[in-house]
Amino acid sequence: MSETLIVQPAISTTTPPAGERKGLTKKEIAADHPTWCPGCGDFSVLALYFKLIEKRKIWHEKITTIAGIGCSSRFPYFVQAHGAHFIHGRALPFASGVSLSRPDLHVFVFGGDGDAFSIGGNHFNHTARKNVKLTYCVMDNWVYGLTKKQTSPTSPLGFKSKTDQWGAVDYPINPMKQAISAGATFVARTTHTNPNHVLQMMEAAMDHDGFSFIECLSECVEFYEHAFDASNPRKGGVFNEVPKDHDVTDELAAYKMAGEDFPGKFGIFYKVNKPTKNTKENEIVKSFQSKTVGMKDWQILQKNFDRMK
Amino acid sequence: MSNAIADVPSSGGAAKVTKINEAIIRIAGNSQDGIQAIGGFLARLAGRSEQEVMTFMTIPSTISGGPSIFQVRIGSGEVLSAGDEADMLLCFYQHSYEDHIKSVKLGGIVLYDADHVTPKPEWQESYRHVGVNISSLTVEAIGGTGRDKGKNIYAMGLLAKIFDLNIPKLTKLIEERFGGKDQSIVTNALNCFNAGYSHSLENLLKTYQFFDSEKKDRHQVVMNGNEALAFGLIAAGVRFGAGYPITPWSDIMELLRRELPKYGGSFIQTEDEIAAVSMAIGASYGGRVAVTGSSGPGISLKTEAIGWAVMAEMPLVIVDVQRGGPSTGMPTNVEQSDLNICCFGGHGDSPRVVIAPTGVEDCFYTAIEAVNIARKYSTPVFILTDQGIATRIEAFKEPNLEKICQDISPDFSDRADHKPYDLTANNGIPQHVAPGTKILSGKYPIATGLEHDELGHPTGSPKLHQLMTDKRRNKLRRLAAELPQLKTYGPSEGQILLVSWGSSEGAIHEAVDRARAVGEGVSCLSIRHINPLPNGLEEIFKGFHHIFVVELNDEGLYGYGQFASILRTRFADPRIRSITKSDGLPWKVKEILDKARTLASKKA
């Protein structure tokens, strides 16, 4: 059997058996103090990511947090674990490279609406349709925050920004519709003001075998205050969960629900099981390797060279 | 058939056999005629006969059809280039005849398909014309189905007769090539071949025979540069790659897509060039150096991500199979005009390694070297090849794969402590530690494109930006010091030193041989390591009056090609001048010598 790319790291010698290890505490997982503005919705998402790691007993070495560029994309620096802060818009293909070559890891990608739907829009569609196994949590604040208030692809019509001083004129993207129509196999919506719900969605996303997408509303208190008040009961809004009788495998029903006026519904809109890109690639590997059982790598290559004589 | 030496009577009696040590045959037709197949058969036969071989082809960049040529140079001695002038032209159409007759040396043979070509009286004197009704005889040979598919094999039968080629070996090659398909296909092919071989060439009295070549201690393998490069990556231990189709890089991704699963790996076709480089970097981050590649336009798109890999000090191999540029340019022609983008493409100060293989065999070894440098120095490495090498076929000594193939599985063992951007340890050359690795200190590394401290966390410190910039630059200086010292081909002192990089090596070697043969003091130096340059070049330059850099790109606004400009910047030596051209074709030896002689007569 030739060596495979898919190498499972040996169990760490200093790691006690899984049952005996305690979940990591926030103190052990927190790294730099976040650079976000006080009151930013992203704090809540980070806190719940810590909670997820603790609750699900994910060990340091297995955590892989990846982001592109933007306020929310600073995320990996705040997590004391393996992580990468990649370039603007390209976090998904980077994360796909990790996911496809390292099936032992569950990769989390965090980012904002500009990263996901503007500069990275093409990658969003293709990662979804390929069903690469990873979780993508987009902290959607409807504005460019890091560059200080320009129009984002999710800014609603009429939003006054520095690049649309008279109000945004371009029709916004609907992230949920985009995800469903692109072929994502897990599509959920949540908001930073409901921590329990955020954690629920993160757990369900992590447990999904495929491309899992969460749109998490995350208010930018500096450049788009009160954007999501209508979804926050404490601010006089309503938080309506996806109805119990909604069939999550019904693509049309999910798409329809995604089109509801703000604040719309929260929860899992769509979830189906389809073979992942990871599985399919692995099947190709298996079918090829069944023909080379017992051969060393150089012997496989030698067969090619023998044909070229 | 330069150096035709001895005429000996053939065993058959009537026709005379001339012993030759090499032949340059140009086959011209349309792209769907299978002329590349003839070239491939001849090249493979040469490989099996321990001869040297080099091919050159042009294909139209149209979707289907269009004129195409395949030139093959076979020799009993060393073959350095595809040859300036052909000894024989095999042409299938009037346009093939008219467009390529000038590439045949005076007195050379023109073998034409009399069904389609009407020879011109004015050329009868200068070239020896031999007409055969190739198309109709092919149809006859395969039982008159009315189609001339197989005329390439028929023509190969003619060539086999003229050059007294090894019939059992060629028959075996035909059987291997068409075997596995319908038996009738093999039978048809052999019928065509035998018909061509048996055709009586009454008006061509001479036949030729190659001198025996030296016995080689290992078998030869025959492949093109893209194949050699892809197999080199596999031998080096690369198991993951990502790419987007573009000519002439696509062959490499197709081969890796097909082959990597056998080794437990995979190659992913992505939605675009940016996703391809990003995904490869992601896989490298996952612990095992990965590959991406493209040709000119795609490299432009990848530059931002490559800058990240420089900043984050992430190993990565990027293949650039150059073609004519800029923009879509000339997708199926050769040019060496991506040197600047590979060395300098991207914003900020982002030093990276660039290596240019000089031929097909070197593609195999360069791939391994690139992987090892990427790992050792934790940095992106460009393999800068070109269309000329990518598509040309050469025979070379079979590598000892058992010894060469390497295992580069990542090391996930616990680390007591790890700083991804340690300024002091190991001379500032970091080793990437992948996710899955436990760090006992509890401090985990972040791979980042922001300027950072030693753990990878963002910093605005002026001091750290300086130190980290120094570190990224200095590690390549350390690499430069480790590169092998170069030697000239030809004496180390003389009038002219021809300097080349990449695929021009063979042509400048041959130029030196020709110039030396007439008493001119010409030597040459082929440089594979473009960035960083190996140390000690100034010592070599000291031995010559003129240093002429031969490259297939434009002389630019100030009169110097891309590599010449780098050398002039590096050595501030006015003797360094340029020999360039941009016609999309490989160098002819004569062109180089003519330009060198003219330039030497002008003051620097």
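Just so we're clear, the structure is a prediction, and the values are computed from it rather than from any experiment. (Residues numbered from 1 in each chain as written. Chains lettered and ligands numbered in written order. Predicted model: local features only at pLDDT ≥ 70, side-chain atom pairs only at ≥ 80, totals over all residues.)

K.L.:
Just to check I follow, could you spell out the overall build of chain A for this structure?
P.N.:
Helices and strands together make up the secondary structure of chain A, namely 10 helices and 10 strands. In terms of overall dimensions, chain A is globule-like: its C-alpha atoms have a radius of gyration of 21 Å, near the 19 Å expected for 309 residues. Dimensions of chain A, computed from C-alpha atoms along their principal axes, come out at roughly 70 × 45 × 40 Å. Expressed as a percentage of its 309 residues, the buried residues of chain A come to 49%. For chain A, long-range pairs separated by at least 24 residues make up 69% of all intrachain contacts whose partners lie at least 6 apart in sequence. (Helix = DSSP H or I, 4+ residues; strand = E, 2+ residues; numbered from the N terminus. Rg over C-alpha atoms; globule rule 2.2 N^0.38 Å. Buried ≥ 20, exposed ≤ 12 C-beta atoms within 10 Å, placed from the backbone. Contact = placed C-beta atoms within 7 Å.)

K.L.:
Please explain the interface of chain B and chain A as it appears in this structure.
P.N.:
When the parts of a complex come together, some accessible area is lost, and that lost area is often used as the size of the interface. Facing the 62 residues of chain B at the interface are 58 residues of chain A. With 9 residues, the single largest contributor to the side of chain B that touches chain A is helix α10 (residues 273-285) of chain B. Here the residues of the side of chain B that touches chain A sort into 33 nonpolar, 17 polar and 12 charged. Summarising the sheet, strand β2 (residues 82-85) of chain A and strand β18 (residues 446-448) of chain B pair through 3 bridges and their orientation is parallel. Counterpart to His85 of chain A in the pairing with β18 of chain B is Thr448 of chain B. (Nonpolar A, V, L, I, M, F, W, Y, C, P; charged D, E, K, R; others polar. Pairing = 2+ DSSP bridges.)

K.L.:
Looking at this model, I keep getting lost on the domain arrangement of chain A. Mind explaining?
P.N.:
The domain architecture assigned to chain A consists of domain 1 (18-274) and domain 2 (277-309). Each of domain 1 of chain A and domain 2 of chain A has a C-alpha centre, and these two points are 39 Å apart. (Domains from an automatic or database assignment.)

K.L.:
Would you take a moment to explain helix α6 (residues 175-182) of chain A for this structure?
P.N.:
Regarding α6 of chain A, the residues found buried are Pro175, Met176, Gln178, Ala179 and Ile180 of chain A. Of the residues trailing α6 of chain A, Gly183 of chain A is marked for its positive phi of about 105°.

K.L.:
I would appreciate a short explanation of the sheet that holds strand β7 (residues 186-191) of chain A in the present structure.
P.N.:
Hydrogen bonds along the backbone pair up the strands of a sheet, which may run parallel or antiparallel. Read from one edge of the open sheet, 9 strands run β9(A)-β10(A)-β7(A)-β8(A)-β4(A)-β3(A)-β1(A)-β2(A)-β18(B), paired in mixed fashion. Of all the strands in the sheet, just β9 (240-241) of chain A together with β18 of chain B have a single pairing partner and so form its edges. Pairing between strand β1 (residues 63-67) of chain A and strand β3 (residues 106-112) of chain A: 5 bridges, direction parallel. By the bridge assignment, Thr64 of chain A is partnered in β3 of chain A with Val107 of chain A. Each of β4 (134-140), β7, β8 (211-217) and β10 (265-271) of chain A touches α6 of chain A; the most contacted strand, β7 of chain A, lies at about 170° to it. Against the sheet, helix α8 (residues 251-258) of chain A makes contact with β7 and β10 of chain A, and its axis sits at roughly 150° relative to β10 of chain A, the strand it touches most. (Axes fitted to C-alpha atoms, helices over the stretch in contact; angles between N-to-C directions.)

K.L.:
Please clarify how the nonpolar core should be interpreted in this entry.
P.N.:
The tendency in soluble globular proteins is for nonpolar side chains to be buried as a group. Within the largest apolar cluster, 256 residues are counted, with the highest numbers of intra-cluster contacts made by Val109 and Val187 of chain A together with Val317, Leu498 and Ile592 of chain B. Ranked by residues supplied to this core, first place goes to helix α13 (residues 360-377) of chain B with 10 residues. Residue contacts for Ile592 of chain B: discarding those within four places in its chain leaves Leu498, Ala507, Ile508, Ala511, Val550, Ile579 and Trp587 of chain B. (Core = buried A, V, L, I, M, F, W, Y, C linked by C-beta atoms within 7 Å.)

K.L.:
Please clarify how the confidence of the model for chain A should be interpreted in this entry.
P.N.:
When pLDDT is low, close inspection of the predicted coordinates is not appropriate. On average, residues of chain A score 94 in pLDDT, and 94% of them reach the 70 mark or higher. Between residues 1-7 of chain A, whose pLDDT stays under 50, and residues either more than four places distant or in other chains, the model counts 25 contacts. (pLDDT = per-residue confidence, 0-100.)

K.L.:
Looking at this structure, I do not really get the packing of helix α2 (residues 42-55) of chain A against helix α7 (residues 195-207) of chain A. What am I missing?
P.N.:
Residue and element names in this part refer to chain A. The contact between α2 and α7 brings their axes to 9 Å, and the two run at 55°. Looking at the two axes, α2 sits oblique to α7. Seen along the crossing, α2 lies across α7 with a hand that is right-handed. On α7, the residues touching Ser44, Val45, Leu48, Tyr49, Lys51 and Leu52 of α2 are Pro195, Val198, Leu199, Met202 and Glu203. Looking at the contact of α2 with α7 residue by residue, the class counts come to 8 nonpolar, 1 polar and 2 charged. (Parallel < 35°, antiparallel > 145°, perpendicular 65-115°, else oblique. Left-handed = near helix turned anticlockwise from the far one by under 90°.)

K.L.:
What exactly am I supposed to notice about the packing of helix α3 (residues 91-101) of chain A against helix α5 (residues 121-130) of chain A here?
P.N.:
Packed helix pairs are specified by the crossing angle of their axes together with the interaxial distance, meaning the distance between the axes. Residues and elements named next belong to chain A. Interaxial distance between α3 and α5 falls to 8 Å at its minimum, and their mutual angle equals 35°. Every residue of α5 that contacts α3 at Leu92, Pro93 and Ser96 is listed here: His123, Phe124 and Thr127. Here the contact of α3 with α5 is composed, by residue class, of 3 nonpolar, 3 polar and no charged.

K.L.:
I keep staring at the domain arrangement of chain B and nothing clicks. Help me out?
P.N.:
All names here are of chain B. When its domains are assigned, chain B resolves into domain 1 (7-210), domain 2 (221-404), domain 3 (425-482) and domain 4 (494-600). Distance from the C-alpha centre of domain 2 to the C-alpha centre of domain 4: 26 Å. Contacts between the two partners involve 22 residues from domain 2, matched on the other side by 20 residues from domain 4. Counting residues per element, the ones that place at least two in the side of domain 2 that touches domain 4 are α12 (339-344), β15 (353-355), β16 (380-386) and α14 (387-391).

K.L.:
I'm lost on the environment of Glu520 of chain B in this one. Help?
P.N.:
Within the secondary structure, Glu520 of chain B sits in the loop between α17 (505-517) and β20 (522-527). The residues contacting Glu520 of chain B, other than those within four sequence positions of it, are Gln495 and Ala515 of chain B.

K.L.:
I'm lost on the environment of Pro119 of chain B in this one. Help?
P.N.:
All names here are of chain B. Within the fold, Pro119 resides in the loop between β7 (104-113) and α3 (121-124). The sequence separation of Pro119 and Arg352 amounts to 233 residues, and the corresponding C-alpha distance is 55 Å. Excluding its chain neighbours within four sequence positions, the residues that come into contact with Pro119 are Tyr112, Gln124, His129 and Gly131.

K.L.:
I would appreciate a short explanation of helix α19 (residues 562-571) of chain B in the present structure.
P.N.:
Helical geometry: 3.6 residues make up each α-helical turn, so side chains three or four residues apart lie on a common side. Of the residues making up α19 of chain B, those classed as buried are Gln562, Phe563, Ala564, Ile566 and Leu567 of chain B. Following α19 of chain B by one or two positions, Ala572 of chain B has its phi on the positive side, about 45°.

K.L.:
I would appreciate a short explanation of unusual backbone geometry in the present structure.
P.N.:
If a residue is not glycine, its phi is most likely negative; likewise, a peptide bond is most likely trans. Residue Pro263 of chain A is reached from Phe262 of chain A by a cis peptide bond, and omega for that bond is 10°. By the secondary structure assignment, Pro263 of chain A is in the loop between α8 and β10. Here the amide bond leading from Thr247 of chain B into Pro248 of chain B is cis, since omega sits at 0°, within 30 degrees of zero. With respect to the helices and strands, Pro248 of chain B occurs in the loop between β11 (240-243) and α9 (250-259). Its identity as a non-glycine residue notwithstanding, Trp142 of chain A has a phi of 65°, on the positive side. As for its position among the elements, Trp142 of chain A is in the loop between β4 and β5 (143-144).

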